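# Analysis of the macromolecular model
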Amino acid sequence: LILNILSFSGRRKGEPPLVSHALPFIGAAIDFGKDPLNYLKNLQSKHGDVFTIKLAGWDYHVFMNPLDVRSLERAKFLGHQEIIGDFVTRMVGNPHKIHSHDFIPELHTADGKSKKTLSPGAEVQKKLTHSIEKNLRGSMQLNSLCESCKPGIKLHDFCKRVIFDITFNLLFGSLPDYDESCKETSRMYDVFKLYFKRSALLVDRIPIHLLPETKKARTEFLKLMEGIEWSKRENVSRLIQDIVDVNPKLEFLQQRARHLLVVLWAAQANTTPAFFWILFYLLSNPDAKRAVMEEYEQLKRHKHRNKQVKERGNDGWPTMQDILGIKRKDLDRLVILDGCLKETMRLTGASLSVRKASREEKIKTVDGRMFSIRKGDYTAYFASVTHMDEEIFENPQDFVHDRFLVSADEPRSRFSKHGQRVAVSRAIMTFGFGATRCPGRHIAMIEIKLAVLALLRHFDVRFANPNEKTPEFDLSHLGFGVMPPATDIDVLVSLKQ
Ligand code: HEM
């Protein structure tokens, strides 16, 4: 209480109202962690669209009006590099000297054209189809042989494996021998998943010695990374090759391994739950699934007009020639699938975009007020505030598969607030906003779309429990991007007849 009174007395003119907290140092962390959106909305009703909360001793100026995102986006004095640096340091355990933004632009230009960019070329499609086969064949055979076994597969577990396979090989390339490459990816995954399970707690400042399993897995994974023989690998992405080429000294090897772990973490942490949720929503909404698949069949008919595509191999397993042949421009034509993925990102995205002020400045909100921000303070915008805004989205809790679908004669966004148009890039903020938006967003969307098509085109997938309920969100990943499901669900998978 005394600290709160002191901080109140230290307030300057023009600063946003400060919320008082029962536990001054911990501040809003506990309430925010339990039910973030309602907690912030309650504060908004008391304090208005901009207010300050304390988190771990720091002042966070929270903005609640989606129309103010434009001012945050344009404010050059607000940066995120230091925040990402702190985040990464906590995850990998050491100051992260080589986290450089020089590597980032490559991810932005994932257009599938330039060899230099990280683009999901044919290799990834091959890995994707192999990964689906690897992860389904065994369990489907088991289900058909064993009557007493519980039928089906765990959907989230399956998504984790598939996205890890694609991501690892997209970034790190692969060993030339296919079997060796599969074994390597499985070994990496087994260790990585143990580290990943509680890695969010590290970011929340839980010391790693309290998480012995995470610590052991991290040490083991870093050793595996240090041991990779890069000259023996094929199709290593330029992003990773650049990191690898910098300096081969021993100290660097350890730093490099940490950097690689971070990139891998970022590349699959959100892609996996996003893949899970789009599958979940499509399975729960037969009309949406039908529309997606019809759109794809139409594209295929158009593409393969004069060609005969062999659908099944000699063993009856799908060849997936169609998936292997999908180009970026084909995906761009699949606007229904794109709309479903956007809707998924809206419903499940809970990114907290935090920026740090590099100098004392003022920020103007749409209602014409000016707020003073001190050097070193943070601003925060929580994506769900926009995603669940009833003025922007009708029935925001519902999955509406054609919400983002616009016809050629309509404006690109039909969303608005207080009479002002809200662009789609601001209406969905799961990838963050502005210049610091996630650089891997194009790759992520492409990977997920390909994976959805590969699975739903060639397999019948349905809930083992026809009355399956929507799983709760796992709030331990709150603020990072897409919230994973708190529980897994069983699905039944069979080859399409
Ligand atoms: C659905 C999938 C994904 C989501 C929702 C997502 C979300 C995010 C968010 C919210 C940020 C922070 C942006 C900010 O501070 O404003 C971020 C940063 C980042 N993401 Fe993603 N991401 C996804 C997939 C990927 C993929 C596939 C890659 C790499 C191939 C990737 C690489 C990165 C990197 C390197 C950063 C740090 C950028 C920096 O240091 O400025 N992400 N992502």
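The rules we used
- Here the residue index of a chain counts from 1 through its sequence in written order.
- The predicted nature of this model means local features are confined to residues of pLDDT at least 70 and side-chain atom pairs, given and counted, to a pLDDT of 80 or more, with totals for whole chains, interfaces and linings taken over all residues.
- Strands were regarded as paired on the criterion that DSSP finds at least two bridges between them.
- Helix and strand assignments follow DSSP, with helices taken as H or I runs no shorter than four residues and strands as E runs no shorter than two, numbered in order from the N terminus.
- Any residue whose C-beta atom, as set from the backbone, lies within 6 Å of a molecule or strand is reported as near that molecule or strand.
- All amino acids are sorted into three groups, where Ala, Val, Leu, Ile, Met, Phe, Trp, Tyr, Cys and Pro are nonpolar, Asp, Glu, Lys and Arg are charged, and the leftover types, Gly among them, are polar.
- UniProt positions are given in the numbering used here, feature names are shortened, and annotations may be inferred rather than shown by experiment.

A word on the pairing of strand 12 (residues 490-495). The pairing of strand 4 (residues 153-154) with strand 12 spans two bridges and is classified as antiparallel. Looking across to strand 12, one finds that I153 is bridged to V491.

Moving on to the sheet that holds strand 11 (residues 459-463). Across the sheet, which stays open at both edges, the three strands sit in the order 4-12-11 with antiparallel pairing between neighbours. Strands with a single pairing partner mark the edges of an open sheet, and in this sheet they are strand 4 and strand 11.

Before going further, it helps to spend a moment on the sheet that holds strand 8 (residues 378-382). Here five strands make up an open sheet; going across it, the order is 1-2-8-5-3 and the pairing mixed. In the strand order of this sheet, the two ends are held by strand 1 (50-55) and strand 3 (78-79), each with one partner. Where strand 1 lies against strand 2 (residues 58-63), six bridges are found, and the strand directions are antiparallel. Note that in strand 2 the partner of T52 across the bridge is H61.

Moving on to the site of the ligand. The full set close to the ligand counts 23 residues, and N270, G432, C438, G440 and G481 are the nearest of them. Taken together, the elements giving at least two residues each to the shell around the ligand come down to helix 13 (250-269), helix 14 (271-284) and helix 21 (441-458). The residue inventory of the shell around the ligand, partitioned by class, reads 12 nonpolar, 10 polar and one charged.

Mapped onto this numbering, the UniProt entry gives "transmembrane region" (unreviewed entry) at residues 260-283. Spanning residues 260-283, this segment combines 96% helix with 0% strand, and its end C-alpha atoms are found 35 Å apart.

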